[in-house]
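# An overview of the molecular structure
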Amino acid sequence: MRIIEDVKLDYKDVLICPKRSTLRSRKDTDIVREFKFKHCKRILKSFPIVAANMDGVGTFSMARAFFPFKMMVALHKYYSIDELKKFFEEIGEKNAQYVFYTTGIADEDFEKMEKFSKKVKKGLLQNICIDVANGYTERFADYVKRVREKFPEALIMAGNVVTGEMVEQLILSGADIVKIGIGPGSACLTRRMTGVGYPQLSAVIECADAAHGMGGRICADGGCEYVGDVVKAIAGGADFVMSGSMFTGHDESEQEIIHKDGKEYMKYFGSSSDEAMKRHYGGTKKYKTSEGREIEVLYRGAVEGRIQELEGGLRSACTYVGAEKLKELTKKTTFIKVNRQLNQLWEK
Ligand code: 5GP
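Quick summary incoming for the structure in this document.

Cut-offs and rules
Residues numbered from 1 in each chain as written. Predicted model: local features only at pLDDT ≥ 70, side-chain atom pairs only at ≥ 80, totals over all residues. Heavy atoms only, no water. Salt bridge = Lys/Arg side-chain N within 4 Å of Asp/Glu carboxyl O. Helix = DSSP H or I, 4+ residues; strand = E, 2+ residues; numbered from the N terminus. Buried < 20%, exposed > 50% of the residue type's maximum accessible area, 1.4 Å probe, protein only. Polar contact = N/O pair within 3.5 Å; in protein donor to acceptor, adjacent residues only side chain to side chain. Contact = heavy atoms within 4.5 Å. Core = buried A, V, L, I, M, F, W, Y, C linked by side-chain atoms within 4.5 Å. 1 Å grid on protein atoms, 1.4 Å probe; cavity = no way out; pocket = protein on both sides within 12 Å on 5 of 7 lines; lining within 4 Å. Points joined across faces, edges and corners; volume = space filled by probe spheres on them. Nonpolar A, V, L, I, M, F, W, Y, C, P; charged D, E, K, R; others polar. Expected span 1.5 Å × (residues − 1). Pairing = 2+ DSSP bridges. Axes fitted to C-alpha atoms, helices over the stretch in contact; angles between N-to-C directions. Patch = residues over 30% accessible without salt bridge, like charges linked within 9 Å, V, L, I, M, F, W, Y side chains within 5 Å. Areas by Shrake-Rupley, 256 points an atom, 1.4 Å probe, with all protein chains shown as cover. Lys, Arg positive; Asp, Glu negative; His and termini not counted. Charge placed at Lys NZ, Arg CZ, Asp CG, Glu CD. Near = heavy atom within 4 Å. Phe/Tyr/Trp six-rings, centres within 6.5 Å; stacked < 30°, edge-to-face > 60°. Lys NZ or Arg CZ within 6 Å of the ring centre and 35° of its normal.

Quick look at the pattern of salt bridges now. Evaluation of the coordinates by the stated rule reveals 21 salt bridges. Where salt bridges share partners, they join Asp55, Lys267, Glu275, Lys278, Arg279 and Glu294 into one cluster.

Written as structure tokens, this is what we have:
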């Protein structure tokens, strides 16, 4: 047994120190980034926020709402090949650059993806998200390799992991973007059920360093409760930020509205929660414990209001530290460690 003595940080443990700036207004900041990748030769211009590949978040409606803002969506895995084909052919190549097709690592997942790629028009399957709860298995890295060999031109995002050596291994296996986060998700019970995890901001900082050193990218996945947390993730080095909770409860979540005590709610549930297992697999398997939970969130109408909040928060943060472009935010950031209990008081 070994103990790491350094205290690792979550988003709530820091604030960003403001700096003298020549920027006159938030409008002067550019929040669309231009990305080059390690394996995929395409150049992507994006406001680098990604809706999570969860039921109730990674939906067709969410993708359509995101296109005008150049934001990205990782579709959930439960659409059929025919539904996916229809959607991709409707949106066309220009919008398809903002959509990830999501796959797990079972043989059936690979077969479904292969079948879909043969059925859909060429040029539409551009991005693939390979998603598992635990990205540390050899089988996972092998699967990433297999997908890279089959789809040499695709933008591949794979995860989740939280340490630099595994980021490097996944980039070498063929990933362009490595997804970072074990346990920070709001509907996640992994830390509670297994004791496993890594404070998210430190994971982002350390993994960004590992990825950028070899031309890779990272996506900070989960744990952003406020827009300020998204800012902190990008300031810490995340190229992309994935969120589920920020985009749930909206019309685009494609969930039923629940009427209770005069208020309106929607269900938000972890991908491995009993609710997800019941909906998509006929129940939780006996040998598995559920590492996800179900929450009822207040219904919040169209997602566009949330997008404007995100754009506004990021522009404002860039102005506070004098970053003309989102890309400069990391370089311009000084984090201040704060007393977490006091910090939580102002959030209330
Ligand atoms: P949030 O934005 O809600 O904080 O986090 C969303 C992220 O939580 C997802 O992108 C995914 O990585 C993670 N997640 C989603 N469902 C589950 C689950 O059932 N269990 C665990 N451990 N993580 C989940």
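Having seen it, we continue.
What follows concerns the side chain of Thr103. Residue position: Thr103 is located in strand β6 (residues 99–103). When its relative accessible area of 2% is taken as the criterion, Thr103 is described as buried. Polar contacts involving the side chain of Thr103 include one to the side chain of Tyr143, which spans 2.9 Å. Those residues in contact with Thr103 that sit more than four places away from it in its chain are Lys77, Asp109, Phe110, Met113, Ile128, Cys129, Ile130, Asp131 and Tyr143.

Counting residues in hydrophobic clusters, the biggest one holds 110 residues, and the most contacted among them are Phe88, Ile130, Phe247 and Leu314. When residues in this core are grouped by element, the largest group, seven residues, is from helix α7 (residues 200–213). Excluding anything up to four places from it in sequence, Leu314 contacts Ile31, Phe47, Ile49, Val230, Val231, Ile234, Leu326 and Leu329.

By volume, the second largest pocket is sized at about 440 Å³. As for the second largest pocket, its lining consists of 15 residues, of which Lys122, Gly123, Leu125, Phe151 and Glu153 are closest to the centre. Grouping the amino acids of the lining of the second largest pocket by side-chain chemistry returns six nonpolar, three polar and six charged.

Right, let's talk about helix α10 (residues 304–321) for a bit. Spanning 18 residues, α10 covers 26 Å between terminal C-alpha atoms, matching the ideal 26 Å at 1.5 Å per step. Tucked inside the fold, the buried residues of α10 contact β1 (14–16), β4 (49–51), α1 (60–66), α8 (227–235) and α11 (329–332). One or two residues past the end of α10 sits Gly322, with phi positive at roughly 80°.

Across the sheet, three strands lie side by side as β12-β13-β14; this open sheet has antiparallel pairing. One side of each edge strand has no neighbouring strand; the edge strands of this open sheet are β12 (258–260) and β14 (294–298). Taking each pair of neighbouring strands and ignoring which way they run, the sheet shows an average axis angle of 45°. The pairing of β12 with strand β13 (residues 263–269) spans three bridges and is classified as antiparallel. Among the inter-strand pairings, Ile258 is bridged to a residue of β13, identified as Tyr265. Seen against the sheet, helix α9 (residues 274–281) touches β13 and β14 and runs at an angle of roughly 80° to β13.

What follows covers the sheet that holds strand β11 (residues 240–243). One closed barrel accounts for eight strands, arranged β4-β5-β6-β7-β8-β9-β10-β11; its pairing is parallel. Geometrically, the sheet is characterised by an average inter-axis angle of 25° between neighbouring strands, direction not taken into account. One ladder, built from three bridges, connects strand β10 (residues 217–221) with β11; its direction is parallel. Considered in β11, the bridge of Ala220 is made with Val241.

Taken together, the side chains of Lys36, Lys325, Lys327 and Lys331 define a basic patch exposed on the protein surface. Following the sequence through the fold, Lys331 ends up in helix α11. Classification of Lys331 as exposed rests on a relative accessible area of 71%.

To continue, consider the environment of Ser202. If you trace the backbone, Ser202 turns up in helix α7. Classification of Ser202 by relative accessible area gives buried; the value is 7%. For Ser202 and Asp30, which are 172 residues apart along the polypeptide, the C-alpha to C-alpha distance reads 26 Å. Those residues within four positions of Ser202 in sequence are excluded, and the remaining contacts are Lys8 and Leu9.

Next up on the list: the site of the ligand. Surveying the vicinity of the ligand reveals 21 residues, the closest of which are Ser186, Thr190, Asp221, Tyr268 and Ser272. The backbone of Ser245 places a nitrogen or oxygen atom 3.1 Å from an oxygen atom of the ligand. Here a nitrogen atom of the ligand sits 2.8 Å away from a polar atom, N or O, in the main chain of Glu291. Considered on its own, the ligand offers 520 Å² of accessible surface; in the complex 89% of this is hidden by protein.

For the rest of this paragraph, the subject is the packing of aromatic side chains. Throughout the structure, instances matching the rule amount to ten aromatic pairs. Of the aromatic side chains, those joined through ring pairs into one cluster are Phe60, Tyr79, Phe87, Phe88, Tyr101 and Phe116. Between Arg146 and the ring centre of Phe110, over which it is positioned, the NZ or CZ distance is 3.8 Å. The cationic tip of Lys260 hangs over the ring face of Tyr265; the distance from NZ or CZ to the ring centre is 5.7 Å.

Taken residue by residue, α9 has Glu275, Ala276 and Met277 as its buried positions. The secondary structure elements touched by the buried residues of α9 are β13 and β14. Looking one or two residues past α9, Gly282 carries a phi angle of roughly 75°, positive in sign.

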